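Residues per chain, in single letters:
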Amino acid sequence: MEYGSFVAAFDSGVGGISVLREMVRLMPYEDFVFFGDSANAPYGTKTTNVVREMTIEHAKRFIERGAKALCIACNTATSAAVRPLREMFPSFPIVGIEPALKPAAEHVPGGRILVMATPMTIREVKFQNLLARYEDMAKIIPLACPGLMEFVEEGKSDSPEAAAFLHELLREYEGNVDAVVLGCTHYPFVKNQIAAVLGENVRIFDGAAGTARELRRRMVAQGVAQTNVARRGSVVFENSGGEEKIELCRRLMRG
Ligand code: DGL
């Protein structure tokens with residue numbers, strides 16, 4: 001199969017912008033199309049089968065439209081569907097983000113690491129395998145955070161309501177964790193509010209930059225990376241939730 005010209009990225013909503021901005025920083029010469037499925041968000045509280053089907057649909061549509069690589073910028077969709085997708089499209093570069101346990105465990109060996117993610121990410125076998133790999137290195141504490149992504153999705157990351165929600169959710173970890181892993185791509189947009197509860201000394205990790213590097217590596221290996229690195233690429237936003245969500249994506253992208 002001949003693949004096309006742009007790099008596709010998708011998330012259940014606007015959170016994947018935290019990954020897109022790292023991809024654009026690393027490969028500003030590529031053309032990107034980012035699709036957020038805000039109309040169907042959240043994914044993290046749905047069944048795995050439903051999310052798998054939707055993710056496969058999005059991926060197929062992108063490939064049919066001429067994508068040359070795909071980043072699943074959603075931990076939840078990755079845990080539900082990255083495997084079947086790789087089996088369906090073995091020669092197509094597909095990368096999916098997953099909670100950044102490795103850098104956190106290496107940073108605080110023997111320490112206590114809180115992993116914030118959606119209920120689906122935490123219950124799925126992909127995360128359980130990851131946990132098994134690092135549980136000898138650190139005390140890993142998974143925390144499902146239903147209700148948190150909605151603040152970002154509604155453009156209310158900086159609201160007093162988001163701060164109050166996080167205070168309630170995290171107060172039992174105040175002063176007793178050494179690191180936090182943001183295992184959902186929406187959460188980097190409430191990173192400051194998380195730090196405000198847990199304290200500035202707690203190091204916060206997310207997988208965005210690592211995922212961008214892994215995507216570039218696979219694109220180079222597959223021979224689909226842009227060779228004219230002097231060119232300036234483009235970024236197109238699409239969202240099933242309409243113009244308002246696209247505007248929010250642009251705002252989050254600007255930072
Ligand atoms: N952004 C998604 C993730 O990384 C999840 C948000 C949702 O529940 O849809 O897991």
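The rules behind these values
Residues numbered from 1 in each chain as written. Predicted model: local features only at pLDDT ≥ 70, side-chain atom pairs only at ≥ 80, totals over all residues. Heavy atoms only, no water. Pairing = 2+ DSSP bridges. Helix = DSSP H or I, 4+ residues; strand = E, 2+ residues; numbered from the N terminus. Axes fitted to C-alpha atoms, helices over the stretch in contact; angles between N-to-C directions. Contact = heavy atoms within 4.5 Å. 1 Å grid on protein atoms, 1.4 Å probe; cavity = no way out; pocket = protein on both sides within 12 Å on 5 of 7 lines; lining within 4 Å. Points joined across faces, edges and corners; volume = space filled by probe spheres on them. Nonpolar A, V, L, I, M, F, W, Y, C, P; charged D, E, K, R; others polar.

Caption draft 1: Representation of the sheet that holds strand β4 (residues 94-96) in the model. Ordered by their spatial adjacency, 5 strands build an open sheet running β4-β3-β1-β2-β9, and the pairing between neighbours is parallel. Two strands in the sheet have a free side with no partner beyond their single neighbour: β4 and β9 (235-239). Pairs of neighbouring strands in the sheet enclose a mean axial angle of 20°, with direction left out of account. Here 5 bridges tie strand β1 (residues 6-11) to strand β3 (residues 67-72), and the two strands are oriented parallel to one another. In the sheet register, Phe10 faces β3, and the bridge partner there is Ile72. Its contacts with the sheet put helix α1 (residues 17-26) on β1, β2 (32-36), β3 and β9, and the angle it makes with β2 is roughly 175°. Each of β1, β3 and β4 is contacted by helix α3 (residues 75-88), which is oriented at about 160° to β4, the strand it contacts most.

Caption draft 2: Expanded view of the layout of surface pockets. Approximately 780 Å³ is the volume found for the largest pocket. Together, 31 residues line the largest pocket, and Gly96, Glu98, Pro99, Lys126 and Leu130 are the ones closest to its centre. Secondary-structure elements contributing two or more residues to the lining of the largest pocket are α3, β4, α4 (101-107), α6 (125-134) and α10 (208-221). When grouped by side-chain class, the residues that make up the lining of the largest pocket number 13 nonpolar, 7 polar and 11 charged. Empty space within the second largest pocket amounts to approximately 300 Å³. Contributing to the lining of the second largest pocket are 13 residues, with Ser157, Asp158, Phe189, Leu252 and Gly255 lying nearest its centre.

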